Amino acid sequence: MNGSAAAPKRGQLFLQKLYGVGETIRNPFIRLVPVQYRMPIRKLCRLKKNKGNNRYCVICDSNIQEFLAVNLDHLEKKSPFQNREKAKCPVCGSLERHRLIYVYLKNKTNIFNAPLKKVLHTAPETLLTEKLVTNQYIDYVSSDINPKTIGAMLKIDLTDIDIADHTFDVVISSHVLEHILDDKKALSEIYRILKPGGWALILVPIIAEKTFTVSGIKKEQDRIRFYGKEDHVRGYGLDFKEMLQNTGFKVKVINYAKQLGDAEIQYQCLLKEDFIFHCKK
């Protein structure tokens with residue numbers, strides 16, 4: 001599928017911002033709750049039985065006993081995305097990369113402060129959406145190729161973005177490009193729609209020294225064997241920085257969890273080798 005649907009009218013966008021219209025959520029009750037009240041409700045329902053001093057979730061600002069295991073039993077044991085003993089917050093459901101992105105945005109960028117910034121969030125993570133959409137200094141837009149499945153505002157194919165040049169101050173795209181066949185075209189489109197001086201936060205799973213693809217893959221099991229997951233079309237390495245630079249970006253590769261230190265990594269249950277690519281136009 002190419003292109004994007006017509007942009008929603010202002011009233012529709014307001015409703016989407018306030019209530020997350022179209023959002024696919026396991027608990028249908030949450031659909032009826034304005035975005036700014038969702039986290040307090042989660043904490044009211046779940047924090048008491050999980051409260052403790054061993055761990056901390058920055059997304060829901062909760063001190064908890066322990067993070068929960070994530071089990072992906074359909075993957076091979078050697079997959080880099082296999083079972084993780086301490087990954088998911090029992091209160092809000094955040095995973096390691098959600099917490100890493102949020103703490104980096106909060107501590108190392110001005111996204112939550114003046115001036116007003118127009119932000120595009122691709123394949124939006126629900127919990128990050130709630131943090132971004134409720135901030136007074138963020139004019140928030142979310143997108144996905146299948147927007148109804150995850151509650152995005154606009155239908156956008158990242159390889160053919162129907163948006164004018166120099167539209168956004170910030171683009172956030174986490175674990176998206178490994179699903180896109182023409183990732184170079186997607187990056188050039190992200191670069192195009194960024195304003196001069198704007199920046200993008202791009203994350204991909206790094207699973208090798210050099211980026212690779214294997215020709216002739218057709219079966220999901222083969223994608224799992226080579227790329228680690230059934231819906232990935234390549235494996236990225238740290239040479240991803242060169243691809244970003246070739247697009248035109250000035251790139252900083254940041255292992256922010258490592259900067260926080262081992263104690264904080266354990267306290268927040270972050271992944272020690274999780275890289276953020278901060279890209280400036």
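Residues numbered from 1 in each chain as written. Predicted model: local features only at pLDDT ≥ 70, side-chain atom pairs only at ≥ 80, totals over all residues. Heavy atoms only, no water.

A.B. asks: If you had to explain the pattern of salt bridges to someone new, which residues and values would you point to?
C.D. replies: The final tally for this structure, using the stated rule, is 13 salt bridges. In this structure, Asp222 engages Arg225 in a salt bridge whose closest nitrogen and oxygen atoms are separated by 3.2 Å. Here Asp222 pairs with Arg225, and both are found in helix H7 (residues 220–227), just three residues apart, close to one helical turn. With relative accessibility at 23%, the residue Asp222 sits in the partly exposed group. Overlapping salt bridges, with partners in common, bring together Asp165, Lys185, Glu189 and Arg192 in one network. (Salt bridge = Lys/Arg side-chain N within 4 Å of Asp/Glu carboxyl O. Helix = DSSP H or I, 4+ residues; strand = E, 2+ residues; numbered from the N terminus. Buried < 20%, exposed > 50% of the residue type's maximum accessible area, 1.4 Å probe, protein only.)

A.B. asks: Can you break down the layout of surface pockets residue by residue, with the values?
C.D. replies: Of the pockets and cavities examined, the second largest pocket occupies roughly 210 Å³. In terms of residues, the lining of the second largest pocket owes the most to one element, strand S12 (residues 250–254), which gives three residues. (1 Å grid on protein atoms, 1.4 Å probe; cavity = no way out; pocket = protein on both sides within 12 Å on 5 of 7 lines; lining within 4 Å. Points joined across faces, edges and corners; volume = space filled by probe spheres on them.)

A.B. asks: Requested: an account of the confidence of the model for the protein chain, with residues and values cited.
C.D. replies: Scored by pLDDT, the protein chain has a mean of 89; 89% of the residues are at 70 or more. Low confidence marks residues 1–26, where pLDDT is under 50. Its contacts with residues over four positions away, or in another chain, come to 57 contacts. (pLDDT = per-residue confidence, 0-100. Contact = heavy atoms within 4.5 Å.)

A.B. asks: Can you explain the sheet that holds strand S9 (residues 194–203)? Please cite residues and give values.
C.D. replies: Strand order across the open sheet formed by seven strands is S7-S6-S5-S8-S9-S13-S12, with mixed pairing between neighbours. The open sheet is flanked by strand S7 (154–155) and S12, the only strands paired with a single partner. As paired elements, S12 and strand S13 (residues 276–280) share five bridges and run antiparallel to each other. When the sheet's bridge partners are listed, Lys252 is paired in S13 with His278. (Pairing = 2+ DSSP bridges.)

A.B. asks: So what about the packing of helix H6 (residues 183–193) against helix H8 (residues 240–247)? Which residues, and what values?
C.D. replies: Running from amino to carboxyl end, H6 crosses H8 at an angle of 50°, the nearest separation of the two axes being 9 Å. By the criterion of interaxial angle, the relationship of H6 to H8 is oblique. Crossing of H6 over H8 shows right-handed handedness. Taken together, the residues of H8 that come into contact with H6 (itself represented by Asp183, Lys184, Leu187, Ser188 and Tyr191) are Phe240, Met243, Leu244 and Thr247. (Axes fitted to C-alpha atoms, helices over the stretch in contact; angles between N-to-C directions. Parallel < 35°, antiparallel > 145°, perpendicular 65-115°, else oblique. Left-handed = near helix turned anticlockwise from the far one by under 90°.)

A.B. asks: Describe the packing of aromatic side chains, listing the residues and the values that go with them.
C.D. replies: Counted under the stated rule, the structure contains seven aromatic pairs. Ring centres of Phe212 and Tyr227 lie 5.7 Å apart, and the angle between their planes is 40°; on these two criteria the pair is classed as tilted. Taken as a pair, Phe212 in the loop between strand S10 (206–208) and H7 and Tyr227 in helix H7 lie far apart in primary sequence, 15 residues in all. Residue classification places Tyr227 among the buried residues on the basis of a relative accessible area of 2%. Every member of this aromatic cluster is reached through a ring pair, and the members are Tyr236, Phe240 and Phe277. (Phe/Tyr/Trp six-rings, centres within 6.5 Å; stacked < 30°, edge-to-face > 60°.)

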